[in-house]
Amino acid sequence: MICIAHILANKIMHFLYSLVNAFLIAMLDMELPQINQAHKLLTALLLFLLASLGLSFPLEDPQGNRQWHMTSDVKEVAGKSYDYIIVGGGTCGCPLAATLSEKFSVLLIERGGSPYGNPLVIDKRYYGFPLIKTDKYMSVAQSFTSQDGVENVRGRVLGGSSAINGGFYSRASEEFVCKAGWDKKLVKEAYEWVEPKVVFPPFFLSPWQSVAEFSLLEAGVLPYNGFSLEHIKGTKISGSAFDEFGKRHTSADLLNAGNPKNLTVLLNATVKSIIFHHNSYRNETRATGITFIQSNGTLDETHEAYIKKVQNSSSRGDVILAAGALGSPQLLLLSGIGPKEQLRRFNISLVRDMKEVGQGMQDNPCIAVLVDSKPKNRLPDPPQIAGITDDFKIIVEASIIPLSFNSSRVNVAAKIAMPTSKGVLELNNTDPRLNPSVRFNYLSSENDMEECVKMTKLLDRIARSKSIAFFLGESRQEKLTSTDVDLRNFCKKNVRTIYHYHGGCTVGSVVDEHYKVYGIKGLRILDGSTFSESPGTNPMATLMMLGRYQGLKILRERKAVSDLNVEKHTK
């Protein structure tokens, strides 16, 4: 019922937004008060039509529907064997676990806790609060500062970054899919498996998002595309992880689509290292399990879980790292896979010398402009609108972000979608709960600096738009700077993150096209660390899709091997 209503709502929303497309463009020639009034009428019309059609989702609490086993007791898992062990219950790990559980036993191990019942995660009114309320070991967001001096965060909760981000859902471009070598048909099927469960069309735009929409159009970010999940040039409204009641749906909700009899989720447990077995006769090394600790416990009190040995079969499961762009390369290094000189400094036994681990780290440089004159107690407002311009190289979003529990700022932010600057991740300790050292080298390439100058000029036009001035009831802002030299200095001083960092275990350097780690049997990586660029407007949609997509590929691979074994034994 939920799926049917959701698909129908998507279709109708797309039709309605397409219908008013021409009208919206015509409104750009109106005076600002006329624009505001027309948009209010337009929004009211859309809401009336949706209400008349009865398109409210019969939503139920995903936690209330949960049948799969979830525990924080490490002793329930210690010593047991599973077909697959997935390290990281994040954006990609959850759909992967759900898919593999259809046929096999799966242990999903997450270093953080449950998102359910936590208003800072679930309630839209508290969007952004997890980013300002962090601690060393147990908060849902873990803060870190790169060697560039830029503050950042990573998810530490079941659902991963999908539990703390802006919830903006937008697919990868066709070009990205082709470049990745993915099966287009299966990619489409995987997106369509994800979307009815956790993605919602906007039933209305907030006042600030409406203004952001018009300011983008006023600045020339065209065409106007209405509602679309696709990564397309121009201004668009996209899907959201927040439903019409302001409730967030994370990738953890996708676990409900798995086989509960085959799925075990261990929370508040941090993997310390991967267990390997070396077969000298075959001269091969295989991942056979994991060593883990309680996240708020001691490093010395360790436990183990193992990959099942399958009798009379050459097919067996994998340890799959889905710990994120910082977590997966960090865990490889802690397990003895990486540059041997670095591992020697920390007395880590070498399993495989692989200098590429931790290389190719990238973060999309972002510039954010505060358009209000001072902080106010406005309700936080995640992005619903995106502007995609300059041949897909610049992406603009707008939001209201909290500074504290009683103040917020209105901002417009843009990122360089395809930066060329690259950095590196290295260990600075052997505690898997602490952050590794990472440097992204923001704007170190001339190409990135030129894009930042161009991006800042666009942000200046948007911030000084009549739409924003009217919304704030303030006079139009002064120009940020006057010369390109000043803009370059502005970029260097104000570059920040938009939380879409990636790399460290990229395809072709650390893993092959099947996401298998080179030179190691039974070990795969599936998360943003394998990306050499951030897909779409942001990576959340594609990471969810990738978990489902690659899960299906693994199931097909196992079936093919099983069928071959049956054929051999029947001859």
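In this report, we go over the structure that sits alongside the text. Counting restarts for each chain: residues are numbered from 1 in the order of the written sequence. At least 70 in pLDDT is required for a residue's local features to be given in this predicted model, at least 80 for side-chain atom pairs to be given and counted, and no such filter applies to totals for whole chains, interfaces and linings, which use all residues. Each side-chain value is worked out from all heavy atoms of the structure, with water and hydrogens disregarded.

### A look at the overall build of the protein
Under the scheme used here, helices are H or I runs from DSSP no shorter than 4 residues and strands are E runs no shorter than 2 residues, and both carry numbers assigned from the N terminus. Each helix and strand in the protein was counted, giving 15 helices and 25 strands. Within the protein, the proportion of its 571 residues that are buried is 59%. Considering only contacts in the protein between residues 6 or more positions apart, those separated by 24 or more positions represent 73%. A total of about 23700 Å² of accessible surface is found on the protein, and carbon and sulfur atoms cover 51% of it. The buried label applies to any residue whose accessible area, calculated with a 1.4 Å probe on protein chains only, is under 20% of its type's maximum; exposed applies above 50%, and partly exposed to all values in between. In this analysis, two residues are considered to be in contact whenever any of their non-hydrogen atoms come within 4.5 Å of each other. Here, Shrake-Rupley sampling with a 1.4 Å probe gives the accessible areas, and only protein chains in the shown set may cover a residue.

### Observations regarding the state of the cysteines
Throughout, a disulfide means two cysteine sulfur atoms within 2.5 Å of one another. Using the criterion set out here, one finds 1 disulfide in the structure. In this model Cys 452 forms its disulfide with Cys 491; the gap between the sulfur atoms is 2.3 Å. Taking the sign of the S-S torsion, about -105° here, the bridge from Cys 452 to Cys 491 comes out left-handed. In this pair, Cys 452 sits in helix α12 (residues 446-463) while Cys 491 sits in helix α14 (residues 484-494), placing the two residues 39 residues apart along the sequence. Here the two residues Cys 452 and Cys 491 agree in accessibility, since each one is buried. Note on Cys 92: no disulfide assigned, nearest cysteine sulfur contributed by Cys 94 at a separation of 9.5 Å. By relative accessible area, which is 3% here, Cys 92 ends up buried.

### Looking at α14
Listing the buried residues of α14 in full gives Leu 487, Phe 490 and Cys 491. Down the axis of α14, the sector holding all buried residues measures 100°, keeping them to one side. In α14, the exposed positions that point more than 90 degrees away from the buried face belong to Val 485, Lys 492 and Lys 493. Throughout, the arc means the angular range of directions from the helix axis out to the C-beta atoms.

### Describing unusual backbone geometry
Between Leu 222 and Pro 223 the backbone carries a cis peptide bond, its omega angle lying at 5°. Along the chain, Pro 223 turns up in the loop between α9 (207-218) and β8 (224-227). The backbone of Asn 283 sits at a positive phi, close to 55°, despite the residue not being glycine. The residue Asn 283 is located in the loop between β12 (269-279) and β13 (284-294) in this model. Positive phi values are uncommon outside glycine, yet Phe 392 reaches one of about 70°. Mapped onto the elements, Phe 392 comes out in the loop between β20 (385-389) and β21 (394-404).

### Points about the pattern of salt bridges
Each salt bridge in this description consists of a side-chain nitrogen of Lys or Arg and a carboxyl oxygen of Asp or Glu lying within 4 Å of one another. Evaluation of the coordinates by the stated rule reveals 18 salt bridges. In this structure, the salt-bridge partner of Asp 484 is Lys 457, at a minimum N-O distance of 3.1 Å. A residue pair is termed long-range when its members are at least 10 positions apart, and Asp 484 in helix α14 and Lys 457 in helix α12 qualify at 27 residues. Residue Asp 484 is classed as partly exposed on the basis of its relative accessible area, which comes to 41%. Among the residues examined, Lys 457 registers a relative accessible area of 38% and is labelled partly exposed. We note a salt bridge from Glu 557 to Arg 524, for which the minimum N-O separation is 2.9 Å. On the criterion of sequence distance, the pair formed by Glu 557 in helix α15 (residues 540-570) and Arg 524 in strand β25 (residues 523-525) is long-range, its members being 33 residues apart. Overall, the relative accessible area of 2% leaves Arg 524 in the buried class.

### Structural notes on the sheet that holds strand β15 (residues 319-321)
In this scheme, strands are said to pair when DSSP sees at least two bridges between them. Read from one edge to the other, the open sheet built from 6 strands follows the order β1-β11-β4-β3-β15-β25, with strand pairing classed as parallel. The open sheet terminates on both sides in strands that have one partner only, identified here as β1 (69-71) and β25. Geometrically, the sheet is characterised by an average inter-axis angle of 20° between neighbouring strands, direction not taken into account. The sheet contact formed by strand β3 (residues 84-87) and strand β4 (residues 106-109) spans 4 bridges and is parallel. Counted as the bridge partner of Ile 85 is Leu 107 from β4. Angles run from 0 to 180 degrees between N-to-C directions of axes, and those axes are lines fitted to C-alpha atoms, restricted for helices to the stretch in contact.

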